[in-house]
Amino acid sequence: MSAYQIGVDEAGKGPVIGPMVAAAVRAAEADLPDGIDDSKRLTAATRESIATQLRGSPAVAVGLGVVTTDEIDDPETDMNSLTVAAQVRALGDVVVDGDHALVDAGDVSESRFARRVQEGVADAGTDTEGGVAIDVTAEHGADEASRLVGAASIIAKVERDSRIDAIGENYDRDVGSGYPSDPTTREFLAKYVDRHGELPACARASWATCEDVVTAAEQSNLAEF
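Residues numbered from 1 in each chain as written. Predicted model: local features only at pLDDT ≥ 70, side-chain atom pairs only at ≥ 80, totals over all residues. Heavy atoms only, no water.

Enquirer: Requested: an account of the overall build of the protein chain, with residues and values cited.
Expert: Across its full length, the protein chain carries nine helices and five strands. Going residue by residue from the N terminus, the α and β elements of the protein chain occur as β-β-α-β-α-α-β-α-α-β-α-α-α-α. Against the compact-globule benchmark of 17 Å for 225 residues, the protein chain has a radius of gyration of 19 Å, which places it among compact chains. With respect to the principal axes defined by its C-alpha atoms, the protein chain has extents near 70 × 35 × 30 Å. Sorting the 225 residues of the protein chain into buried and exposed places 45% on the buried side. Of the contacts made within the protein chain by residues no fewer than 6 positions apart, 71% connect residues no fewer than 24 positions apart. Counting only carbon and sulfur atoms, one obtains 47% of the accessible surface of the protein chain, whose full area is about 11,100 Å². The positive charge centre, built from 19 side chains, and the negative charge centre, built from 42, are 3 Å apart in the protein chain. (Helix = DSSP H or I, 4+ residues; strand = E, 2+ residues; numbered from the N terminus. Rg over C-alpha atoms; globule rule 2.2 N^0.38 Å. Buried < 20%, exposed > 50% of the residue type's maximum accessible area, 1.4 Å probe, protein only. Contact = heavy atoms within 4.5 Å. Areas by Shrake-Rupley, 256 points an atom, 1.4 Å probe, with all protein chains shown as cover. Lys, Arg positive; Asp, Glu negative; His and termini not counted. Charge placed at Lys NZ, Arg CZ, Asp CG, Glu CD.)

Enquirer: Account for the side chain of Asp182, with residues named and values stated.
Expert: Its place among the elements puts Asp182 in the loop between helix H7 (147-171) and helix H8 (183-196). No salt bridge is formed by the buried Asp182; its nearest oppositely charged neighbour, Arg186, is found at 8.9 Å. Setting aside its immediate chain neighbours within four residues, Asp182 contacts Gly176 and Ser177. (Salt bridge = Lys/Arg side-chain N within 4 Å of Asp/Glu carboxyl O.)

Enquirer: Talk me through the pattern of salt bridges; I want residue IDs and the actual numbers.
Expert: Across all of its chains, the model carries 14 salt bridges by this definition. Residues Lys13 and Glu10 are paired through a salt bridge, measuring 3.8 Å at the closest nitrogen-oxygen approach. Taking the relative accessible area as the measure of exposure, Glu10 reaches 12% and is therefore buried. Taking the shortest distance from any N to any O, the salt bridge between Arg89 and Glu71 comes out at 2.7 Å.

Enquirer: Could you give me a rundown of the environment of Ala124, with the residues and numbers involved?
Expert: Relative to the helices and strands, Ala124 is located in helix H4 (residues 110-124). Looking at Ala124, the relative accessible area reads 56%, which means it is exposed.

Enquirer: Residues and numbers for the layout of surface pockets, please.
Expert: Considered as a void within the structure, the largest pocket measures approximately 290 Å³ in volume. Lining of the largest pocket is provided by 17 residues; of these, Glu10, Ala11, Gly12, Lys40 and Tyr179 occupy positions nearest its centre. Elements with a contribution of two residues or more to the lining of the largest pocket: strand S1 (6-11), helix H6 (142-145) and H7. Here the lining of the largest pocket takes four residues from H7, the largest share from any one element. Residues of the lining of the largest pocket, tallied by class, amount to two nonpolar, four polar and eleven charged. For the second largest pocket, the calculated volume is near 170 Å³. Around the second largest pocket, the lining residues are Tyr171, Arg173, Phe188, Lys191, Tyr192, Arg195 and His196. The dominant element in the lining of the second largest pocket, judged by the number of residues it contributes, is H8, at five residues. For the lining of the second largest pocket, the per-class residue count stands at three nonpolar, one polar and three charged. (1 Å grid on protein atoms, 1.4 Å probe; cavity = no way out; pocket = protein on both sides within 12 Å on 5 of 7 lines; lining within 4 Å. Points joined across faces, edges and corners; volume = space filled by probe spheres on them. Nonpolar A, V, L, I, M, F, W, Y, C, P; charged D, E, K, R; others polar.)

Enquirer: How would you sum up the environment of Asn80? Please name residues and give values.
Expert: Topologically, Asn80 is positioned in helix H3 (residues 79-92). Asn80 gets classed as partly exposed once you look at its relative accessible area, which sits at 30%. Residues Asn80 and Glu29 lie 51 residues apart in sequence; the distance between their C-alpha atoms is 29 Å. In this view, Asn80 contacts Gly106, Asp107, Phe113 and Arg116; residues no more than four positions away in its chain are not counted.

Enquirer: Can you tell me about the sheet that holds strand S3 (residues 61-67), naming the residues and giving the values?
Expert: An order of S3-S2-S1-S4-S5 is seen for the five strands of this open sheet, with the pairing classed as mixed. Taken across any chain shown, the strands that pair with only one partner, and hence form the sheet edges, are S3 and strand S5 (135-139). Going across the sheet, the axis of each strand differs from the next one's by a mean of 20°, ignoring polarity. Two strands pair when backbone bridges link them, and S1 and strand S4 (residues 100-104) are joined in this way by three bridges, in the parallel orientation. Bridging across to S4, Gly7 finds its partner in Leu102. On top of the sheet, H4 reaches S4 and S5; it is set at about 145° to S5, its chief contact. (Pairing = 2+ DSSP bridges. Axes fitted to C-alpha atoms, helices over the stretch in contact; angles between N-to-C directions.)

What follows is the structure, encoded as structure tokens:
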């Protein structure tokens with residue numbers, strides 16, 4: 001029997017467009033479907049199939065925590081703190097007093113990250129139910145080692161991909177994966193800035209890729225004079 005009731009992971013920490021999404025999965029090990037692994041090791045079709053099974057099971061509770069591009073661009077915060085916030089939000093949807101959660105560590109210090117998530121969950125409930133007391137263990141690579149965290153990584157990835165698809169529909173074009181290394185994403189940003197003179201609302205404006213796109217557009221415009 002697993003020592004953990006909840007697994008937590010996030011997707012979208014590195015992209016240049018769209019939100020970061022964390023997911024928490026609360027379930028018994030025996031109630032998880034077959035085929036679970038770190039989401040990065042699975043095909044999109046397999047991820048979607050497993051996510052549908054997880055969401056459709058009455059024995060599985062799923063929570064989401066979303067961090068917006070505006071939050072990411074806030075100069076008063078940092079990605080470690082935002083990863084804590086995302087995981088705390090996801091846990092808040094499913095946590096029960098006394099749970100022990102295993103989370104994928106978003107900090108070089110596993111113990112520090114675990115403490116921050118645990119304190120965040122307790123603080124988040126203070127105004128409503130007097131706080132929720134849980135234990136949190138953070139491990140690097142937990143999405144590969146634990147089926148519970150692997151399940152959370154799948155939910156987070158599928159939800160993040162769905163939101164990127166929605167962004168593409170909103171702009172009526174393919175925006176790619178959202179990662180800086182994706183040429184489709186870079187082309188989308190460059191063409192948008194060239195046409196509108198500013199970045200799209202879905203972009204993480206504070207990121208170097210976006211700054212490079214804006215600088216390139218400005219230089220191109222200057223060259224026309």
